[in-house]
Amino acid sequence: EKMKNEGCNFRFYKETEEDVKKNTNCYFIASFTTKEDDLDMWRFYGNNATGVCLVFKTFDDNPQEIFDINYVDFNSEMFSRIDTLLINLKNKKVPFSIMSYVFRHLLMKPKDFKTENEKRLIVMTLHPDGFAVYSNNIVTPYVEKKLKTSLQEKRDKDFFPLRLSKILLGPEMPNKDINKRQIEFMISNMNSVNEYGKIDVEISSISCYRK
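What counts and what doesn't
- Residues numbered from 1 in each chain as written.
- Predicted model: local features only at pLDDT ≥ 70, side-chain atom pairs only at ≥ 80, totals over all residues.
- Heavy atoms only, no water.
- Helix = DSSP H or I, 4+ residues; strand = E, 2+ residues; numbered from the N terminus.
- Contact = heavy atoms within 4.5 Å.
- Areas by Shrake-Rupley, 256 points an atom, 1.4 Å probe, with all protein chains shown as cover.
- Pairing = 2+ DSSP bridges.
- Axes fitted to C-alpha atoms, helices over the stretch in contact; angles between N-to-C directions.
- Core = buried A, V, L, I, M, F, W, Y, C linked by side-chain atoms within 4.5 Å.
- Buried < 20%, exposed > 50% of the residue type's maximum accessible area, 1.4 Å probe, protein only.
- Polar contact = N/O pair within 3.5 Å; in protein donor to acceptor, adjacent residues only side chain to side chain.
- Expected span 1.5 Å × (residues − 1).
- Phe/Tyr/Trp six-rings, centres within 6.5 Å; stacked < 30°, edge-to-face > 60°.
- Lys NZ or Arg CZ within 6 Å of the ring centre and 35° of its normal.

Novice: It is not clear to me how the overall build of the protein should be interpreted in this structure. Could you clarify?
Specialist: Each helix and strand in the protein was counted, giving 6 helices and 10 strands. Counting contacts in the protein only where the partners sit at least 6 residues apart, residues at least 24 apart contribute 73% of the total. When the accessible surface of the protein is split by element, carbon and sulfur atoms take 51% of a total near 15,100 Å².

Right, dumping it as structure tokens:
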């Protein structure tokens, strides 16, 4: 049914080896969750609760840059049929691409992760701002976005489409009381004045954390 509905969205093109290399790195993703101070999220993504949780708010009620994740069963018959078709087309060297399916695949995740309530920011560009080596030991391109502090920056594409509203310190962060005061002092000494309101600094309310 998916193929029937989206078959009109394909386009033919002649893709060179150089095109493949460029297109591999054209999508950049930042992941978020609607869970602000959650025990499991601290375990999985908070460096065993010693890190921080950055809380962002939107400028608009329905920001176009932020997308909901669709939690699906990749082992279902529908995805099996789609994958089989695309593999057969590739083996027969047919230059076929369902562009809407390619983009939507960036917004799909196995249903087992549904409790994460993930949202994603997606930036598409062939010109990254730099390269870095992360925990996977792979040289990886990245793009940079500045945090907005002025109303005049709202529509500038170089700026992050969300505003930082809170810094939440992990329940297991060493010296968290001191760090809270120091971060508050650091924010108060920032050169620019944030027209969107102050950035709160809080300590996690979780008191029974264990690894």
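There's more to say after this.
Novice: Sorry, what's going on with the sheet that holds strand β3 (residues 66–68) here?
Specialist: One key point about sheets: their strands pair by backbone hydrogen bonds, in either a parallel or an antiparallel sense. Spatial ordering of the open sheet is given by β1-β6-β3, a layout of 3 strands whose pairing is antiparallel. Each edge of the open sheet carries a strand with a single partner, namely β1 (27–33) and β3. This sheet shows a mean twist of 35° between the axes of neighbouring strands, independent of strand direction. In the sheet, β3 pairs with strand β6 (residues 118–124) via 3 bridges, with the strands oriented antiparallel. When the bridges of β6 are listed, Ile66 appears paired with Leu121.

Novice: Hey, could you run me through the nonpolar core in this one?
Specialist: Soluble globular proteins tend to pack their nonpolar side chains together in the buried interior. With 8 residues, the main nonpolar core is built from Leu164, Ile167, Leu169, Met173, Ile183, Ile187, Ile199 and Val201. Looking at this core, the elements that each hand over two or more residues are β9 (162–169) and α6 (176–188). Counting 7 residues, the second largest nonpolar core, distinct from the first, contains Ala49, Cys53, Leu168 and Tyr209.

Novice: Can you walk me through the side chain of Lys109 in this structure?
Specialist: Here Lys109 lies in strand β5 (residues 108–110). Reaching out from Lys109, the side chain makes a polar contact with the side chain of Glu116 at a distance of 3.1 Å. Filtering out sequence-adjacent residues up to four positions away, Lys109 remains in contact with Ile69, Asn70, Tyr71, Val72, Phe74, Glu116, Glu118 and Arg120.

Novice: Explain helix α4 (residues 77–91) to me, please; I cannot follow it from the model alone.
Specialist: For the α-helix, the turn length of 3.6 residues means that residues three or four positions removed from each other point alike. Between its first and last C-alpha atoms α4 spans 21 Å; for 15 residues at 1.5 Å apiece the expected length is 21 Å, and the two agree. Looking one or two places after α4, you find Lys93, whose phi comes out positive at around 60°.

Novice: Would you explain the sheet that holds β9 in this entry?
Specialist: With respect to topology, 3 strands assemble into an open sheet ordered β2-β9-β10, the strand pairing being mixed. Both edges of this open sheet fall to β2 (52–58) and β10 (200–203), since each of them pairs with a single strand only. The mean angle between the axes of side-by-side strands here comes to 30°, regardless of whether they run parallel or antiparallel. As judged from the 7 bridges shared by β2 and β9, these two strands associate in the antiparallel manner. If you follow Thr58 over to β9, its bridge partner there is Leu162. Each of β9 and β10 touches α6; the most contacted strand, β10, lies at about 175° to it.

Novice: Just to check I follow, could you spell out the packing of aromatic side chains for this structure?
Specialist: Given two aromatic rings, one states the distance between the centres and the angle between the planes to describe the pair. Taken as a whole and judged by the stated rule, the model has 4 aromatic pairs. Here the aromatic rings of Phe32 and Phe160 are separated by 6.2 Å at their centres, their planes lie at 50°, and the arrangement is tilted. Here Phe32 is found in strand β1, whereas its partner Phe160 is found in the loop between β8 (139–142) and β9, with 128 residues between them in sequence. Its relative accessible area of 11% is what places Phe160 among the buried residues. Put simply, the rings of Phe32, Phe56 and Phe160 touch in pairs and so form one group of aromatic residues. Taking the ring centre of Phe113 as reference, the NZ or CZ of Lys109 above it sits at 5.0 Å.

Novice: Hey, could you run me through the environment of Leu39 in this one?
Specialist: Here Leu39 lies in helix α3 (residues 39–45). The partly exposed category is assigned to Leu39, whose relative accessible area is 27%. Counting along the chain gives 131 residues from Leu39 to Gly170, while the straight-line C-alpha distance between them is 9.9 Å. Those residues in contact with Leu39 that lie beyond four places of it in its chain are Ile206 and Tyr209.

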